Amino acid sequence: MNRLSLALVSFGFFLLSGCGGPGSGDSCDGGDYVCQDDAQALECRNGEWRALACRGPLGCRELSDSVRCDTSLNLENDACAQDAEGRGGCAPDGKSLLLCEGGVLKKTDACSSCTVQGDQAVCTP
């Protein structure tokens, strides 16, 4: 069994700070996040709002001082947040590990079985 220790498994929920009502592609200042709708968050990155999928069953929710985006079912090549760089988890089909690199989820390993146990993604070759 191959274990990939991750600093923090970002699949499930990741907590994002911010509030507002911009659209994808609009200019922005800072590193805020907002929900564009129930299944998509926006991240202010490099001066522009960019879309982030929240494919998990709990979608995107704005709380009093933060945004929660359920990324548990996000796919390879989906955009990922700057806060998630270097982190990852299992693909929804349980057959690969995904890691956030350069703002995109990338497949790093193929598995016969991938599960998240605490803060580790466990990939069985």
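Everything numeric in this text was worked out from a predicted model, so none of it was measured. Residue indices begin from 1 for each chain and proceed along its sequence in written order. Given that this is a predicted model, residues contribute local features only at a pLDDT of at least 70 and side-chain atom pairs are listed and counted only at 80 or more, while totals for whole chains, interfaces and linings are drawn from all residues. The basis for every side-chain value is the complete set of non-hydrogen atoms in the structure, without hydrogens or water.

This part covers the nonpolar core. If you look at soluble globular proteins, the nonpolar side chains tend to sit buried side by side. We define the nonpolar core as a collection of buried residues of types Ala, Val, Leu, Ile, Met, Phe, Trp, Tyr and Cys that are connected through side-chain atoms lying within 4.5 Å of one another. Buried residues are those whose accessible area, probed at 1.4 Å on protein chains only, stays under 20% of the maximum for their type, while exposed residues exceed 50% and partly exposed ones sit between those limits. Listed in full, the nine residues of the largest apolar core are Y33, C35, A41, L52, C54, C60, V67, C69 and A81. Working definition: helices are DSSP H or I runs of at least four residues, strands are E runs of at least two. Numbering for both runs from the N terminus. The set of elements that each furnish at least two residues to this core consists of β3 (33-37) and β7 (66-70). The criterion used for residue contact is that any of the two residues' heavy atoms lie within 4.5 Å. Excluding residues within four positions of it along the chain, C35 makes contact with Q40, A41, C60, R61, E62 and V67.

This next bit is on the state of the cysteines. Only a pair of cysteine sulfur atoms within 2.5 Å qualifies as a disulfide here. Considering all chains together, one arrives at six disulfides under this definition. Shown here is the disulfide that connects C28 with C44, its sulfur atoms set 2.0 Å apart. Here the disulfide of C28 and C44 is right-handed, its torsion about the S-S bond being about 100°. Here the residue C28 occupies a position in the loop between β2 (13-17) and β3, and C44 occupies one in strand β4 (residues 40-45), the gap between them amounting to 16 residues. As far as burial versus exposure is concerned, C28 and C44 are alike and both buried. The disulfide bridge from C35 ends at C60, spanning 2.0 Å between sulfur atoms. Taking the torsion about the S-S bond as the criterion, the C35 to C60 disulfide, at about -90°, is left-handed. Here C35 is found in strand β3, whereas its partner C60 is found in strand β6 (residues 60-62), with 25 residues between them in sequence. Judged by relative accessible area, C35 falls into the buried class, the value being 16%. Here the bonded cysteines of the protein are numbered in sequence order, and their pairing is 1-3, 2-5, 4-6, 7-9, 8-11, 10-12.

Without other data, these values stay purely geometric and don't point to any function.
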